[in-house]
Amino acid sequence: MKKIKFIILYIICLGISQNVFSQDKAITNDEYNSVISNASPKDDKTAYRITSITNFYNGKKVESTRTLITENLPSDRKRTVFAIMKDGLITERTENITIGTIKYSKKDNNDWEKTDLTDPNSNVRRMGAITSRVESIDCREFYIINTTLDKESVDLYLSYHVSQNDKTLYFIDDRHWINKEGILLKSISKVSKIIPENVTSVSTRDYFYNPNGLKIEAPIIAEKTK
């Protein structure tokens, strides 16, 4: 039975991918992963800012939006700002700044908290919830297209993934724009359920290298009175 399901799913995947990407060059999973890994920014070598926006849909309406800004300086400094927005209002905001082995964290309007990452008590691992294993069968196709992004010649790497999980069909469309120097410029990931047109989420990431005026400083933390 499982073999029959996989054959049916593979036919769906192959039919859709050939229809969408029939003019593109097919590549292997290993080739795809290697290129994306090598093109991604390296913390110890590159100053960068990544802006990520993910919209979650209920039908055609955006139900919520999650934003993540990641900034990095190769001098061992990193800053992330994460926020969730619903109905035009920010419902959650978290900011983290790491300088060397010191991490500063702030959630919503609470005070900053300082953590020494070398302290063994600061990195307590928590056991995750145990979830039931769901049968999953899938197929994947990988392609490369020569195109342009903002008038710059780039290679567009695509991954098309069709998966049946717990009797539900999912379509995952990942796209990465990489310039001729092998640098990742933009990524978009779209997830659909049951049919490709029923989009449940779209995530867009833009990469900016050596942004002007990028500084990552420790926040001012008020002394707590006893």
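Because the structure is predicted, anything quoted here is derived from the model rather than measured.

Colleague: Explain the overall build of the chain to me, please; I cannot follow it from the model alone.
Modeller: Of the regular secondary structure elements, the chain holds two helices and twelve strands. By residue count, 32% of the 226 residues in the chain fall in the buried class. Roughly 15300 Å² of accessible area belongs to the chain as shown, and the carbon and sulfur atoms make up 50% of that amount.

Colleague: Just checking my understanding: could you explain the environment of Glu 181 for this structure?
Modeller: Among the structural elements, Glu 181 can be located in the loop between β10 (168–179) and β11 (184–193). On the accessibility criterion, Glu 181 (60% relative accessible area) is exposed.

Colleague: Would you explain the side chain of His 161 in this entry?
Modeller: With respect to the secondary-structure elements, His 161 resides in strand β9 (residues 152–165). Residue classification places His 161 among the buried positions, given a relative accessible area of 10%. The residues contacting His 161, other than those within four sequence positions of it, are Asp 138, Cys 139, Arg 140, Tyr 170, Phe 171 and Ile 172.

Colleague: Which parts of the structure should I look at to understand the side chain of His 176?
Modeller: Tracing the backbone shows His 176 in strand β10. Of the polar contacts made by the side chain of His 176, one reaches the side chain of Ser 187; its length is 2.8 Å. Not counting chain neighbours up to four residues away, the residues in contact with His 176 comprise Tyr 32, Ile 36, Asp 155, Leu 156, Tyr 157, Leu 184, Lys 186, Ser 187 and Arg 205.

Colleague: Looking at this model, I keep getting lost on helix α2 (residues 29–39). Mind explaining?
Modeller: Residues that lie three or four places apart on an α-helix share one face, since the helix turns once every 3.6 residues. For α2, the full list of buried residues reads Tyr 32, Ile 36 and Ala 39. Looking straight down α2, one finds its buried side chains confined to an arc of 70°; they lie on one side. Those residues of α2 that are exposed and angled more than 90 degrees off the buried face are Asp 30 and Asn 38.

Colleague: Help me understand the packing of aromatic side chains in this model?
Modeller: Two descriptors summarise a pair of aromatic rings, namely the distance from one centre to the other and the angle between the planes of the rings. Evaluation of the coordinates by the stated rule reveals one aromatic pair. When the centroid spacing of 5.0 Å and the interplanar angle of 45° are considered together, the rings of Tyr 32 and Phe 142 count as tilted. Taken together, the positions of Tyr 32 in helix α2 and Phe 142 in strand β8 (residues 136–149) put the pair 110 residues apart, joining distant regions of the chain. The class of Tyr 32 is buried, set by a relative accessible area of 6%.

Colleague: Sorry, what's going on with the environment of Lys 60 here?
Modeller: You can see Lys 60 is positioned in the loop between β2 (48–58) and β3 (61–73). Its relative accessible area of 77% is what places Lys 60 among the exposed residues. On a C-alpha basis, the gap between Lys 60 and Thr 200 in space is 8.9 Å, while along the polypeptide they are 140 residues apart.

Colleague: What's the story with the nonpolar core in this structure? I'm lost.
Modeller: Across soluble globular proteins, nonpolar side chains show a tendency to be buried alongside one another. One finds Ile 27, Tyr 32, Ile 36, Ala 39, Tyr 48, Ile 50, Phe 142, Ile 144, Tyr 157, Ile 178, Leu 184 and Tyr 207 forming the largest nonpolar core, which totals twelve residues. Elements that contribute at least two residues to this core include exactly α2, β2 and β8. Sort the elements by how many residues they give to this core and α2 lands first, with three residues. Contacts of Ile 27, omitting those with residues within four sequence positions, involve Tyr 32, Phe 142, Tyr 143, Ile 144 and Tyr 157. Counting nine residues, the second-largest nonpolar core is a separate cluster that includes Leu 73, Ile 97, Ile 99 and Ile 216.

Colleague: Just checking my understanding: could you explain the confidence of the model for the chain for this structure?
Modeller: Keep in mind that low pLDDT regions are not for reading the predicted coordinates in detail. Looking at the chain, the pLDDT average stands at 85 and 81% of residues meet or exceed 70. Considering only residues more than four positions removed or in separate chains, one finds that residues 1–8, a stretch of pLDDT under 50, has seven contacts. Every residue in residues 124–135 scores below 50 in pLDDT, and together they form seven contacts with partners more than four places removed in sequence or on other chains.

The rules behind the values
Residues numbered from 1 in each chain as written. Predicted model: local features only at pLDDT ≥ 70, side-chain atom pairs only at ≥ 80, totals over all residues. Heavy atoms only, no water. Helix = DSSP H or I, 4+ residues; strand = E, 2+ residues; numbered from the N terminus. Buried < 20%, exposed > 50% of the residue type's maximum accessible area, 1.4 Å probe, protein only. Areas by Shrake-Rupley, 256 points an atom, 1.4 Å probe, with all protein chains shown as cover. Contact = heavy atoms within 4.5 Å. Polar contact = N/O pair within 3.5 Å; in protein donor to acceptor, adjacent residues only side chain to side chain. Arc of directions from axis to C-beta. Phe/Tyr/Trp six-rings, centres within 6.5 Å; stacked < 30°, edge-to-face > 60°. Core = buried A, V, L, I, M, F, W, Y, C linked by side-chain atoms within 4.5 Å. pLDDT = per-residue confidence, 0-100.

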